[in-house]
Amino acid sequence: MMTETQNPMEMEPTASERTVIDAILGSAGAGNGAARTAEGLRVAVQPERPHGRDRLLPVLLALQERIGWVSPAALGEVARRLRLPYAEAYGVASFYALLHLEAASPAVVHICDDLACQQAGAGRLIEACEREWGPEGAGEGERAVAWHRSPCLGRCAEGPAVFVQRSGASSFGLGAVETPATVMQSLEEGPRPESLPFIYRTDRHPQPLTERMGRLDPTSLDAYRAAGGYSGLRRALALGREGVLRELKEARLLGRGGAAFPTAAKWEAVAKSPDLPRYVVLNADESEPGTFKDRLLLEQDPYAVLEGLTIAGWTVGASKGYIFLRGEYPLARARLETAIATLRERGYLGESVLGEPFAFDVEVRSGGGAYVCGEETALFNAIEGKRGEPRNKPPFPTVHGLFGRPTAVNNVETIANVPVILRLGAAAYTSLGTADSTGTRLFCVSGAVGRPGLFEVPFGTTLGELLQAAGGLRPGRSLKAILLGGAAGSFVGADSLDLPLSFAAVRTRGATLGSGAVIVFDDASDLREAVRRIARFFRQESCGQCVPCRVGTERQWELVERVVAGRPLTSWHEERERHRDLAAVMRDASICGLGQTAANAIESAWALGFLGEGEAVQ
Amino acid sequence: MNRGAAVEGRTVTVSIDGRPVEVEEGSTIREACVAAGVEVPTLCYLENLAPVNVCRVCVVELEGSRALVPSCSRKVEPGMQVRTDSPRVRQSRRMVLELLASATDLSAAGEEVHRWIEAYGAEPDRWGEPAPYTADAPTPGSAVTLEQPVKVDNPLYVRDYSRCILCYKCVEACGDQAQFTFAIAVAGRGFDAHISTEYDVKLPESACVYCGNCIGVCPTGALMFRSEYEMREAGTWDPQRQTVTDTICPYCGVGCTLELHVQDNRIVKVTSPLDREVTRGHLCVKGRFGFEFVQDRGSATP
Ligand SMILES: Cc1cc2nc3c(=O)[nH]c(=O)nc-3n(C[C@H](O)[C@H](O)[C@H](O)COP(=O)(O)O)c2cc1C
Ligand code: SF4
Ligand code: SF4
Ligand code: SF4
Ligand code: FES
Ligand code: FES
């Protein structure tokens, strides 16, 4: 840390740090209100475009990538240039797991030990890495390679997964990592080419969201157009705003980000708001353990997502769309940037979209490694350069969203459905799925199945049918439990195979489809390890703002640890009571959905007998 | 939804525990409760700061709302049905107090905090053996607390974050609610979140100007005059023997009200009442700490 006497504010950034900062904030001096004339006179100038605080996260991420860490001197310089208090800039930087505030190793390997990778042998990989590279995090800055345990990295069908940060080069993700040597090889020879997980194909029903995946060149606009791409936008432009809203209402599109909110109602509220400008935001921060569908949509079908976002902009009357992309998804970022550049060049984005009097452009912002930033208002704060702390609602985003403006924020899968609805028409769309849940759903199936992967099936498909499509259980194994909706979801028992996967049906079992994660556990899986991981996940991902969640997730972690260790405090009965009390206050009094759902999966584990006395299943 | 600026004189009627209460438009539910004579516990709320609604001890049950709502920030709307004493409300308040007390040293917090802990039946001891702060995996049976060394790095005040409930008040007071110095911020996240200067540098190396406004708003004694801290350490701190004298700060023309807390004929700390229009409880370094010249008159060398 700091020496006793040195004020970091007075430390000078290195030349390379300055280059990185200049690349994003413009050269030093710009915006400080002063300039030198050719004669060398110092004159006052009106700053051309004063940089807003929203450049903070981009510049910190650039420093991390180019320099390998965010040094006190660099952060001080950034704060000065953005006219931000240094302490506040530090508060923001210290919020994000991907920003290192102390000198880091040239390669930092994040190893997923979350629910699916746990079952795919992450434990063995971690032991091997520990032998090879030393203890977790230790010697950071001195060793060539440092490693950390990581929450889900969105590659759950290809576990164990890792994410590698390199100083001076772009980061990358890897699936199916068996040994540290695989990582070393990628560091030396460059990351191996991206491979696709299993993508379910069938001719029994349409698969409008996945039909192009892996079959079309994801960088080619022409390929996308030849497959019917951008006919949805053309129809939207022809229908007009009201027409699009009517179509979405008739299609009964519900948000896929977890809350199942009607998209038409959200868009209508924004479209009707008198405040300008309005924004559309794509929530691409996918971090729910067990979920990887949004990553695949963005990597394999970026034009479809951008078409949907453009339709959103048109409908609500926004001329700017932001994509908040999970920081651990660099390939998705590259694919989006390529697609956006092509779309600008070809007139699909810009001052006049397809020659219409409609201006629309898109900017991609990367996250810094924080699950909570997927919560819509935390996401706004993250883009705005603040700590990713959720806001209290009301006011809702449709009134007071990004930069305090009316904002429509949607999940990637929701947005990908929009061009489909406009292309097929609401009638054809609603012929898929059930009465309450129309269309298809992307399920991310991982864990103890023969063929983990991405499954696009109509809503109402039963859990049993889904597992069948995923190759069923492995030979000789029996089903123990299924976690629906990730860490924020809940476990359902082996008797749930008849459960139709629709929003309403799942709710009757007290569960949720959530993000579409379906993690399967068989009799060889260690459910207690899974429950421990979930408790640790919430303890580490809470933003810390409100008491029920900040202290509650710590106490829940402690409780789970001692219960799993078979060392209950006082009695099993009282442990259960304690957990009920925690669950109640977290659900009732937390600010956001993170705290409100942090006890769900663990409560369901108690109910199913995976925790506590007797340990029915272990 | 009620967004516009409140129109002077317009009122809204809401129901608090079944009783109709008429309050000015733009009021909060908490204000409606006060008008109805119902006490609402608060920790992160203070009348001279904008509400941050983070502690959640003030939650109430609002008909039609799935979760409880923070009464300190939620504005009244016509016809709202509010319950302040339902089992859910009592349960959440009890647990908020219990969780805070299980992690934080509340021994120097205000008397009302102890009264609420008692009244709501919080049992902070039932979470395990208190253990010093660590971010690591817990030892089974231990309840990690915020216990950590006191930061004594300047002559004027100390920071004992073992007592910090992270109510954000000091950050707000140091920032755009009063002082505009922004010397401190919330850093880290989750249970590791804490109040910090940049890279945790000592106060003299930070932007702090020692206005002490953070001390003035801190509800738990985490921020404390060095004089008070040293007397507490020596066992001589005794509020029973203290008198409080109102006076006007002699240093400049603003005219801030000072409350001089005097024990054994020495000023031991300076506060300022929140309800005075002039600066609403906020002071500068001179009013807050400039009292030493009074006491050192005898001993100061000319
Ligand atoms: C802790 C937390 C994390 C979330 N993460 C995501 C996410 O990664 N992606 C997402 O689309 N929605 C996420 N959400 C839900 C969003 O807040 C929001 O409801 C959603 O983006 C709305 O989009 P939709 O209407 O299209 O579903 C999260 C919510 C919470 C509480
Ligand atoms: S519930 Fe948790 S994540 Fe959400 S605001 Fe509160 S502390 Fe932050
Ligand atoms: S004494 Fe004043 S300037 Fe220093 S931290 Fe407290 S509020 Fe900020
Ligand atoms: S130091 Fe005091 S005022 Fe600041 S957050 Fe902690 S308890 Fe609140
Ligand atoms: S990538 Fe490991 S569980 Fe998702
Ligand atoms: S007083 Fe309302 S949330 Fe703290």
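Details of the structure are given in the entry above.
These figures come from a predicted structure and were not determined experimentally.

Some points on the packing of aromatic side chains
Moving on, step 1. As enumerated under the stated definition, the model contains 24 aromatic pairs over all chains in all.
Moving on, step 2. Seen from their ring centres, Tyr157(B) and Tyr210(B) are 6.3 Å apart, and the 75° between their planes marks the pair as edge-to-face. Placement of Tyr157(B) in strand β8 (residues 157-159) and of Tyr210(B) in the loop between β10 (194-196) and α5 (213-217) is noted, with a sequence separation of 53 residues between them.
Moving on, step 3. Judged by its relative accessible area of 16%, Tyr210(B) falls in the buried class.
Moving on, step 4. Ring-pair connections join several aromatic residues into one group, and the members of that group are Tyr224(A), Tyr230(A), Tyr303(A) and Tyr348(A).
Moving on, step 5. Seen from the ring of Phe95(A), Arg189(B) lies directly overhead, with NZ or CZ sitting 5.8 Å from the centre.

Looking at the sheet that holds strand β14 (residues 479-484) of chain A
Two pairing modes exist for strands in a sheet, parallel and antiparallel, and in both the strands are linked by backbone hydrogen bonds.
All names here are of chain A.
Moving on, step 1. One open sheet holds the six strands; their spatial order is β7-β13-β12-β16-β14-β15, and the pairing between them is mixed. Where the open sheet ends on each side, the last strands, each with one partner, are β7 (198-199) and β15 (490-493).
Moving on, step 2. Relative to strand β16 (residues 517-522), β14 is paired through five bridges, and the arrangement is antiparallel. Within β16, the position partnered with Leu483 by the bridge is Ile519.

Some thoughts on the pairing of strand β5 (residues 162-166) of chain A
Residue and element names in this part refer to chain A.
Moving on, step 1. Here β5 lies mainly inside the structure; five of its five residues are buried.
Moving on, step 2. Pairing of strand β3 (residues 107-112) with β5, which is carried by five bridges, proceeds in the antiparallel orientation. Looking across to β5, one finds that His110 is bridged to Phe163.
Moving on, step 3. Strand direction decides the pairing type here: β5 and strand β6 (residues 169-174), joined by four bridges, are antiparallel. Counterpart to Arg166 in the pairing with β6 is Ala169.
Moving on, step 4. Hairpin remark: β5 followed by β6, antiparallel, with two residues in the connecting loop; positive phi at Gly168, about 85°.

Quick notes on the environment of Asn53(B)
Moving on, step 1. If you trace the backbone, Asn53(B) turns up in the loop between α1 (29-35) and β3 (59-62).
Moving on, step 2. Residues Asn53(B) and Leu283(B) lie 230 residues apart in sequence; the distance between their C-alpha atoms is 25 Å.
Moving on, step 3. Discounting chain neighbours no more than four positions away, the residues touching Asn53(B) are Asn392(A), Ile591(A), Cys44(B), Pro70(B), Cys72(B) and Ser73(B).
Moving on, step 4. A polar contact is formed between the side chain of Asn53(B) and the side chain of Ser73(B), at a distance of 2.8 Å.

Quick look at the site of ligand 4
Moving on, step 1. Cys164(B), Ile165(B), Cys167(B), Cys170(B) and Cys218(B) are the nearest of the 13 residues found near ligand 4.
Moving on, step 2. For the shell around ligand 4, the class distribution of residues is twelve nonpolar, one polar and no charged.

A look at the site of ligand 3
Moving on, step 1. Close to ligand 3 lie Tyr157(B), Cys174(B), Thr181(B), Cys208(B), Val209(B), Tyr210(B), Cys211(B), Gly212(B) and Cys214(B).
Moving on, step 2. Its residues assigned to classes, the shell around ligand 3 comprises seven nonpolar, two polar and no charged.

Thoughts on the sheet that holds strand β10 (residues 361-366) of chain A
All names here are of chain A.
Moving on, step 1. Taking strand neighbours across the sheet as the criterion, the four strands line up as β10-β9-β8-β11 in an open arrangement whose pairing is parallel. If you trace the sheet from one side to the other, it starts and ends with β10 and β11 (407-411), each paired once. Sheet twist, expressed as the mean angle between neighbouring strand axes with direction ignored, is 20°.
Moving on, step 2. Here strand β9 (residues 320-325) runs beside β10; their pairing, made up of six bridges, is parallel. Looking across to β10, one finds that Gly321 is bridged to Val362.
Moving on, step 3. Taken strand by strand, helix α13 (residues 330-345) contacts β9 and β10, and its axis lies near 165° from that of β10.

Reading the values: the criteria
- Residues numbered from 1 in each chain as written.
- Chains lettered and ligands numbered in written order.
- Predicted model: local features only at pLDDT ≥ 70, side-chain atom pairs only at ≥ 80, totals over all residues.
- Heavy atoms only, no water.
- Phe/Tyr/Trp six-rings, centres within 6.5 Å; stacked < 30°, edge-to-face > 60°.
- Helix = DSSP H or I, 4+ residues; strand = E, 2+ residues; numbered from the N terminus.
- Buried < 20%, exposed > 50% of the residue type's maximum accessible area, 1.4 Å probe, protein only.
- Lys NZ or Arg CZ within 6 Å of the ring centre and 35° of its normal.
- Pairing = 2+ DSSP bridges.
- Contact = heavy atoms within 4.5 Å.
- Polar contact = N/O pair within 3.5 Å; in protein donor to acceptor, adjacent residues only side chain to side chain.
- Near = heavy atom within 4 Å.
- Nonpolar A, V, L, I, M, F, W, Y, C, P; charged D, E, K, R; others polar.
- Axes fitted to C-alpha atoms, helices over the stretch in contact; angles between N-to-C directions.

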